[in-house]
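# Structural characterization, general
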Amino acid sequence: MARPPEVHALRTDDIPEAPGWLEKLVKPLTSHMTQVAQALTGQLTVKDNLAAKWVTVEVRGGAMPKPFAVGLGSRTAKAVMLAGASGGLEAPVGFTWTHSTVRQEDGRSVPAVALTRVTGVASGQAATLTFLIFPE
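Residues numbered from 1 in each chain as written. Predicted model: local features only at pLDDT ≥ 70, side-chain atom pairs only at ≥ 80, totals over all residues. Heavy atoms only, no water.

A separate point is the overall build of the chain. Assigned secondary structure in the chain consists of 2 helices and 6 strands. For 136 residues, the compact-globule estimate of 2.2 N^0.38 gives 14 Å, and the chain exceeds it by more than 25% at 22 Å. Seen along its three principal axes, the alpha-carbon backbone of the chain occupies a region of about 70 × 45 × 25 Å. Buried positions account for 26% of the 136 residues belonging to the chain. The long-range share in the chain, meaning contacts at least 24 apart out of those at least 6 apart in sequence, stands at 68%. Entry remark: accessible area of the chain is about 9300 Å², with carbon and sulfur atoms responsible for 54%. One way to put it: in the chain the 13 positive side-chain charges average out to a point 9 Å from where the 11 negative ones average out. (Helix = DSSP H or I, 4+ residues; strand = E, 2+ residues; numbered from the N terminus. Rg over C-alpha atoms; globule rule 2.2 N^0.38 Å. Buried < 20%, exposed > 50% of the residue type's maximum accessible area, 1.4 Å probe, protein only. Contact = heavy atoms within 4.5 Å. Areas by Shrake-Rupley, 256 points an atom, 1.4 Å probe, with all protein chains shown as cover. Lys, Arg positive; Asp, Glu negative; His and termini not counted. Charge placed at Lys NZ, Arg CZ, Asp CG, Glu CD.)

In structure tokens, the structure reads:
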């Protein structure tokens, strides 16, 4: 595989006689080239690369948290995956979930995820669970 190309930022300052509209073209082009170069050189993080929302909730053994907004605008969750767990665990974490809604401060209802069952958290103990929410 060939080496990724070097990226040099395009700047309208380098072209004093450039028309004003050129900045509107150059700025997104430079941003895109930078993102492509980062991807080609392995500088992407998991968060950058997944079309998913990371949500962290605290769960107490024996109690379910309130439904939480999925943060995907009006789209609902297609899949929920456990990405991390720490705290009062007594066994591997398992969970089930369902679609729900929550009311925002402005009165709008937005798609949410409701955990219906969580196993592996010690009774009365708090655990922090991080989920990846994939959009519909």
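As a further point, take the pairing of strand E4 (residues 89-103). Pairing analysis gives 11 bridges linking E4 to strand E5 (residues 109-121), with the strands arranged antiparallel. The partner of valine 102 across the bridge, within E5, is valine 110. From the end of E4 to the start of E5, which pair antiparallel, there are 5 residues, and glycine 107 there has a positive phi angle of about 95°. (Pairing = 2+ DSSP bridges.)

Moving on, we come to the nonpolar core. What tends to happen in soluble globular proteins is that the nonpolar side chains get buried as a cluster. Counting residues in each nonpolar core, the largest one holds 16 residues, and the members touching the most others are Val57, Phe68, Val113, Leu115, Leu129, Phe131 and Ile133. Counting residues per element, the ones that place at least two in this core are strand E1 (53-60), strand E3 (77-87), E5 and strand E6 (126-135). Leaving out residues up to four positions away in the same chain, phenylalanine 68 has contacts with Val55, Val57, Val102, Ala112, Val113, Leu115, Phe131 and Ile133. (Core = buried A, V, L, I, M, F, W, Y, C linked by side-chain atoms within 4.5 Å.)

Moving on to the pairing of E6. The buried fraction of E6 amounts to 7 of the 10 residues, a majority that puts the element mostly inside the structure. Looking at chain direction, E1 and E6 are connected through 8 bridges and run antiparallel. Paired with glutamate 58 across the two strands is threonine 128, which belongs to E6.

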